[in-house]
Amino acid sequence: MDAIRWEGNTLYLLDQTRLPVQEDWIAYTDFRSVARAITDMVVRGAPAIGITAAYAYCLAALEFRNAPDFAAAMEQAEQVLAASRPTAVNLFWALRRMADCLKANGSTPEAIDVLIQEAQAIHEEDVEMNRTLGDFGAAVVPAHARILTHCNAGSLATGGYGTALGVVRSAFNQGKVDMVYADETRPLLQGARLTAYELVHDNIPCTLITDNMAGFLMAQGKVDLVILGCDRMAANGDFANKIGTYSVAVNARYHGIPFYTALPSSTIDLSIEDGSGIPIEERPGVEVTHLAGVQTAPEQVRTWNPAFDVTPHQLLTGIITERGVIYPPFKENLAKLFG
């Protein structure tokens, strides 16, 4: 399963706002429209956002190839794309890599083919990292595992295969997975619409629950471990992920359940000392007051809608990466592998 395609100088995105009811692919040739697609969550998930931004950078290069000041126009395009969402560090990582590639090749339109190759390399490398970290992560999954996950960290959130769901896929292929419990993930239901969709598609046993059922599910002894994704990790192991992750982590600690996050190295931001430095995106209140376009709350009610929360590293059992599983002390071990 994939959600991003580059064909004939056109970027195609699977519209994730319409899943699972409709599978619509949207064609993009304008980088500004891609920036809006990222903001509107047509594409979402930290690695997928980075890949999409890399291809959008190529669309900008194609548009500006006859501009009087090509380099300046590309800097402006980079700024537009960087403003699309603030939390997922893969966005900025990918744009920096593309800008470095352009500079290394003379900052001229003659670099367009090389830029496209670089974006495709980012895409391919992400899939490979996911498969590798999936195999590393499968080693921590016990036999007959019942796994809880939150939000979507699968093929749809990455270049393909997935991070947290990459671990699930690898473990399932080894015959280790009896059940995956998917939190629905309010307010936009990524767990219900996307994770359940992927698991059903791959014939992996799945049970959908509402977010407020997770603690009681753990108390019933039905969860063996938690594996979920990450949008940005600080140098000490604190990490931002979809809102609700912190609550899952607290519940897992109370019930003595191993709690893992899975992420590629492109999601690690060693420039931020701890979670307090991670910018948290706040989204429109209508996402809370309405569900699938249907009003569910009074129009006048105040809302608070952070898209992510920060889980402190003390609640983590381990960090699953393409270079292996990292255990405490996280700050020292992250620096050793990725510093």
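Residues numbered from 1 in each chain as written. Predicted model: local features only at pLDDT ≥ 70, side-chain atom pairs only at ≥ 80, totals over all residues. Heavy atoms only, no water.

A.B. asks: What exactly am I supposed to notice about the overall build of the protein chain here?
C.D. replies: Helix and strand counts for the protein chain stand at eleven helices and 15 strands. The C-alpha atoms of the protein chain give 20 Å as radius of gyration, which agrees with the globular expectation for 339 residues (20 Å, within 12%). Structurally, the protein chain occupies a C-alpha span of about 65 × 50 × 40 Å along its principal axes. Buried positions account for 55% of the 339 residues belonging to the protein chain. For the protein chain, restricting intrachain contacts to residue pairs at least 6 apart in sequence, the fraction spanning at least 24 positions comes to 74%. Accessible surface, the protein chain as shown: approximately 14,100 Å² in total, 51% of it carbon and sulfur. (Helix = DSSP H or I, 4+ residues; strand = E, 2+ residues; numbered from the N terminus. Rg over C-alpha atoms; globule rule 2.2 N^0.38 Å. Buried < 20%, exposed > 50% of the residue type's maximum accessible area, 1.4 Å probe, protein only. Contact = heavy atoms within 4.5 Å. Areas by Shrake-Rupley, 256 points an atom, 1.4 Å probe, with all protein chains shown as cover.)

A.B. asks: Would you mind showing me how to read the packing of helix α5 (residues 112-138) against helix α6 (residues 164-173) here?
C.D. replies: In a pair of packed helices, the angle between the axes and the distance between the axes together describe the arrangement. Here α5 crosses α6 at 60 degrees, and the two axes come no closer than 7 Å. It follows from the interaxial angle that α5 and α6 lie oblique. In this structure, α5 crosses over α6, and the sense of that crossing is right-handed. Contact residues: Arg131, Leu133, Gly134, Asp135, Gly137 and Ala138 in α5; Gly166, Val167, Ser170 and Ala171 in α6. (Axes fitted to C-alpha atoms, helices over the stretch in contact; angles between N-to-C directions. Parallel < 35°, antiparallel > 145°, perpendicular 65-115°, else oblique. Left-handed = near helix turned anticlockwise from the far one by under 90°.)

A.B. asks: Would you take a moment to explain the UniProt feature "site: Transition state stabilizer" (unreviewed entry) in the protein chain for this structure?
C.D. replies: Per the UniProt record, the feature "site: Transition state stabilizer" (unreviewed entry) sits at Cys151. Among the secondary structure elements, Cys151 is positioned in the loop between β4 (145-149) and α6. Classification of Cys151 by relative accessible area gives buried; the value is 7%. The contact partners of Cys151, leaving out residues within four places of it in the chain, are Arg44, Asp183, Thr185, Gln190, Gly191, Thr195 and Lys242. (UniProt positions renumbered as here; feature names shortened; annotations may be inferred.)

A.B. asks: Any chance you could explain helix α7 (residues 190-201) here in plain terms?
C.D. replies: Three or four residues apart is the spacing at which side chains of an α-helix point the same way, because the helix has 3.6 residues per turn. If you check α7, its first and last C-alpha atoms are 15 Å apart, about what twelve residues at 1.5 Å a residue would give, namely 16 Å. A large share of α7 lies buried, amounting to ten of its twelve residues. Of all the positions in α7, only Gln190, Gly191, Ala192, Arg193, Leu194, Thr195, Ala196, Tyr197, Glu198 and Leu199 are classed as buried. Contact partners of the buried residues in α7: β4, α6, β5 (177-183), β6 (206-209) and β9 (239-242). The first or second residue beyond α7 is Asn203, which carries a positive phi of 60 degrees. (Expected span 1.5 Å × (residues − 1).)

A.B. asks: Any chance you could explain the environment of Ala77 here in plain terms?
C.D. replies: By secondary structure assignment, the location of Ala77 is in helix α3 (residues 70-82). Considering only alpha carbons, one finds Ala77 and Val226, 149 residues apart in sequence, at a separation of 39 Å. The residues touching Ala77, leaving out its near neighbours within four places in the chain, are Phe31, Ala60 and Phe64.

A.B. asks: Hey, could you run me through the pairing of strand β2 (residues 10-14) in this one?
C.D. replies: Two faces make up the sheet, and in a regular strand the side chains alternate between them. β2 sits mainly inside the fold: four of its five residues count as buried. Here strand β1 (residues 4-7) runs beside β2; their pairing, made up of four bridges, is antiparallel. By the bridge assignment, Arg5 is partnered in β2 with Tyr12. In this sheet, strand β3 (residues 25-28) lies alongside β2 in antiparallel orientation, the contact comprising four bridges. Note that in β3 the partner of Leu13 across the bridge is Ile26. (Pairing = 2+ DSSP bridges.)

A.B. asks: Help me out: how do you make sense of the side chain of His150 in this one?
C.D. replies: Note on placement: His150 falls in the loop between β4 and α6. Separated by 3.0 Å, the side chains of His150 and Asp183 make a polar contact. Reaching out from His150, the side chain makes a polar contact with the backbone oxygen of Ile243 at a distance of 2.9 Å. Ignoring sequence-local partners within four residues, the contact set of His150 consists of Asp183, Thr185, Asp211, Leu228, Asn241, Lys242, Ile243, Gly244, Thr245 and Val248. (Polar contact = N/O pair within 3.5 Å; in protein donor to acceptor, adjacent residues only side chain to side chain.)

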